[in-house]
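Notes for the structure review
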Amino acid sequence: MNKICEIHRNFDPSCFETDIAQAIDWLAKYGSEPDGGVTRLLYSPAWQEAQTALARRMEAAGLAARFDDCGNLYGRLEGRGPEREVILTGSHVDTVPSGGKYDGAYGILAGVIALEFLYENFGPPLRTLEVVSLCEEEGSRFPLAYWGSGNLTGRYAIHTPPDIADADRITLQAAMNAAGFGLGTFPPPKRADIARFIELHVEQGFVLEKDQAAIGIVQGIVGQRRYTVQVGGSANHAGTTPMKYRHDALLGACEMIEWMEKKALHKTEPFVSTVGQLHVKPNSSNVIPGEVAFTVDIRDAHAAALQEFSGEFPEAFARIAARRGLTVDIGEWMNMAPIMMNGEMNAALAAICRRRNLPFRMMFSGAGHDTQVIGEMCPATMLFVPSRAGISHSPREYSETKDLAAGVAVLAEWLYKYGYTDSD
Ligand code: HGY
Ligand code: MN
Ligand code: MN
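Cut-offs applied
Counting from 1, residues in each chain are numbered in the order their sequence is written. Whichever chain is written first becomes A and whichever ligand is written first becomes 1, with later ones labelled in order. Per-residue local features of the predicted model are confined to residues with pLDDT of at least 70, and side-chain atom pairs are confined, for both listing and counting, to 80 or more; whole-chain, interface and lining totals are unaffected and use all residues. Where side-chain values are given, they derive from all heavy atoms of the structure, hydrogens and water being excluded. For helices the rule is a DSSP run of H or I covering at least 4 residues; for strands it is a run of E covering at least 2, with both sets numbered from the N terminus onward. We call two residues in contact whenever any of their non-hydrogen atoms come within 4.5 Å of each other. Lines fitted to the C-alpha atoms define the axes, with helices restricted to the stretch that makes contact. Angles between their N-to-C directions range from 0 to 180 degrees. Note that the term roughly parallel is reserved for angles under 35 degrees, roughly antiparallel for angles over 145, roughly perpendicular for angles of 65 to 115, and oblique for everything else. Should the near helix be turned anticlockwise from the far one by less than a right angle, the crossing is termed left-handed; should it be turned clockwise, right-handed. Gly is put with the polar residues, along with every residue not named as nonpolar or charged; the nonpolar set is Ala, Val, Leu, Ile, Met, Phe, Trp, Tyr, Cys and Pro, and the charged set is Asp, Glu, Lys and Arg. Only a single heavy atom is needed: when it lies within 4 Å of a molecule or strand, its residue is near that molecule or strand. Two N or O atoms count as a polar contact when they lie within 3.5 Å, although within protein this holds only if one can serve as hydrogen donor and the other as acceptor, and sequence-adjacent residues are included solely when both atoms are side-chain atoms. Computed by Shrake-Rupley with a 1.4 Å probe, the accessible areas treat only the displayed protein chains as cover when residues are assessed. The donor set covers N, O and S atoms within 2.8 Å of the metal, switching to 3.2 Å for Na, K and Ca, and it leaves out water, so a site may look short of donors. Throughout this description, buried means an accessible area under 20% of the type-specific maximum (1.4 Å probe, protein chains only), exposed means over 50%, and partly exposed covers the range between. Start and end points for every domain follow an automatic or database-based domain assignment. In this description, buried area is defined as the sum, over both parts, of the accessible area (probe of 1.4 Å) that is lost when the two are combined. By salt bridge we mean one thing: a side-chain nitrogen of Lys or Arg within 4 Å of a carboxyl oxygen of Asp or Glu. Between any two strands, pairing holds if DSSP finds at least two bridges.

Before going further, it helps to spend a moment on the side chain of S394. Considering the arrangement of structural elements, one finds S394 in the loop between β16 (380-385) and α12 (401-420). With residues up to four places along the chain from it excluded, the contact list for S394 reads S98, G99 and G100.

We now examine the packing of helix α3 (residues 45-60) against helix α4 (residues 105-122). Where α3 contacts α4, the axes come no closer than 10 Å and their chain directions differ by 15°. Accordingly, the angle class assigned to the pair α3 and α4 is roughly parallel. The chirality of how α3 crosses α4 is right-handed. Residues L54, R57, M58 and A60 of α3 lie in contact with α4, whose contacting residues are I108, L109, V112, I113 and E116. Taken together, the residues of the contact of α3 with α4 break down into seven nonpolar, no polar and two charged.

A separate point is the site of ligand 1. Every residue close to ligand 1 is listed here: E137, E138, Q204, R226, R299, A367, G368 and H393. Residue G368 places a main-chain N or O atom 2.7 Å away from an oxygen atom belonging to ligand 1. H393 is positioned such that a nitrogen or oxygen atom in its side chain is 3.0 Å from an oxygen atom of ligand 1. Contact with the protein chains removes 94% of the 210 Å² of surface that ligand 1 exposes when unbound. Grouping the constituent residues of the shell around ligand 1 by class yields one nonpolar, three polar and four charged.

Each donor-metal-donor angle would ideally measure 109.5 degrees in four-coordinate tetrahedral geometry, or 90 or 180 degrees in six-coordinate octahedral geometry. Summarising the metal site, the manganese ion (ligand 2) is bound by the protein donors D103 (OD), E138 (OE), E138 (OE) and H393 (NE2), whose distances to it range over 2.1 to 2.8 Å. Counting gaps between the donor residues of the manganese ion (ligand 2) yields the pattern D-x34-E-x254-H. A gap of 3.5 Å separates the manganese ion (ligand 2) and the manganese ion (ligand 3), which D103 links by coordinating each metal. Placement of the pair is D103 in the loop between β3 (86-92) and α4 and H393 in the loop between β16 and α12, with a sequence separation of 290 residues. The class of D103 is buried, set by a relative accessible area of 5%. Taking relative accessible area as the criterion, H393 reaches 42% and is therefore assigned partly exposed.

Moving on, we get to the domain arrangement of the chain. Domain parsing of the chain yields domain 1 (3-222 + 338-420) and domain 2 (223-336). One C-alpha centre belongs to domain 1, the other to domain 2, and the line joining them spans 34 Å. With 17 residues of domain 1 at the contact, the number on the domain 2 side is twelve residues. Of the roughly 1,000 Å² buried at the junction of domain 1 and domain 2 (both faces included), carbon and sulfur atoms supply 60%. Considering only the surface of domain 1 that becomes buried against domain 2, P143, V222 and P338 emerge as the three largest contributors, covering 44% of it. Where domain 1 meets domain 2, there are zero salt bridges. Across the contact surface, domain 1 and domain 2 share three residue pairs in polar contact (both at pLDDT 80 or more). Across the side of domain 1 that touches domain 2, the residue classes tally to ten nonpolar, four polar and three charged.

Judged by how many residues are buried, strand β12 (residues 291-300) sits mostly within the fold: nine of ten residues are covered. In terms of strand pairing, strand β7 (residues 223-232) meets β12 through ten bridges, oriented antiparallel. Across the sheet, residue V231 finds its bridge partner in β12, namely V292. With three bridges joining them, strand β9 (residues 272-274) and β12 adopt antiparallel strand pairing. Across the sheet, S273 pairs through a bridge with I298, a residue of β12. Summarising the sheet, strand β10 (residues 278-281) and β12 pair through four bridges and their orientation is antiparallel. Counted as the bridge partner of K281 is E291 from β12.

Encoded structure:
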């Protein structure tokens, strides 16, 4: 076997460095922002261009590319064996506003590159392998997350989409149809043939960098709940309304948000709470705010901790509102339970890392991922590569090419084990 072929057959990370670095920069063009970030919101023009370009890239890699009717994009490497079940890898193509170029994109591109590599070096697999570009995970455009993986598992259904709209009052249904989905043109999104799922993702935290580990094998993913809190007061003149007669919705919201932080600081880790969005009406410098809406995002590895906090904060907010003569309405729009990853699949990842002398560690994910949705349907797991300074959801998100390539190499070897050998 010649040197190149030998390296390739040994899944040497150096085989993947150029491809993954170029692919990340290529996909980041779709939705690129002046600040260096990337914005690809579900069904937006940048999202559509990215999915169309990815379909071409999948075809160029020798995969059969196809959309489903909610906009998930699959690249399929047909198995030559009798089994019909599919081994799936992939991640989400959408981003947060001005997010990083690795979050989601890396898992899709690594899957395409890994399947292309396997086909070139080992021909058709025994079991069918697919990579998916899931249409939406972040919850950035609509008050809903996991629209892609949720349709894949049946958590959501495209023909009964939640009646929700984005900041421009465009409904999810209208946006989906305008992008050409939800019209029956493509196969239904619900899958019943997925045997296993693995998602490669940047860590988005600083644990791997701190521990100088190249790979994180995810033992479990935190649960998370997201809410929108509406506070109602009385808009009034900023100059003629004495302080003691005001019903200031923004001051009420500020007191609620401060209560959240104080409470969260007294919880045990990994509990976290975040207020990421705040909208003020009428949002004028000389008007006492009459209405405020803000989001609450809480996470923990233990369902009981989430349950406890989700009982505490509405009572506290109601007390604050009553004292200030305000109204408060709390709507929950995401509720994901914590989930453990598949031990056998993780043992295979650990064996690959040991064999390659790749420093790795087992860890929990503080970020939510599509794997926690798909893991409710089939055995699933995740692997991480380091994020510089743990920065993510930011234009400053960055991972070293050698780390990205090591992740692709481990993913490719794991897919080889499950797709080409009698691994079970
Ligand atoms: O918010 C999260 O945890 C993920 O990045 N969507
Ligand atoms: Mn994200
Ligand atoms: Mn992500």
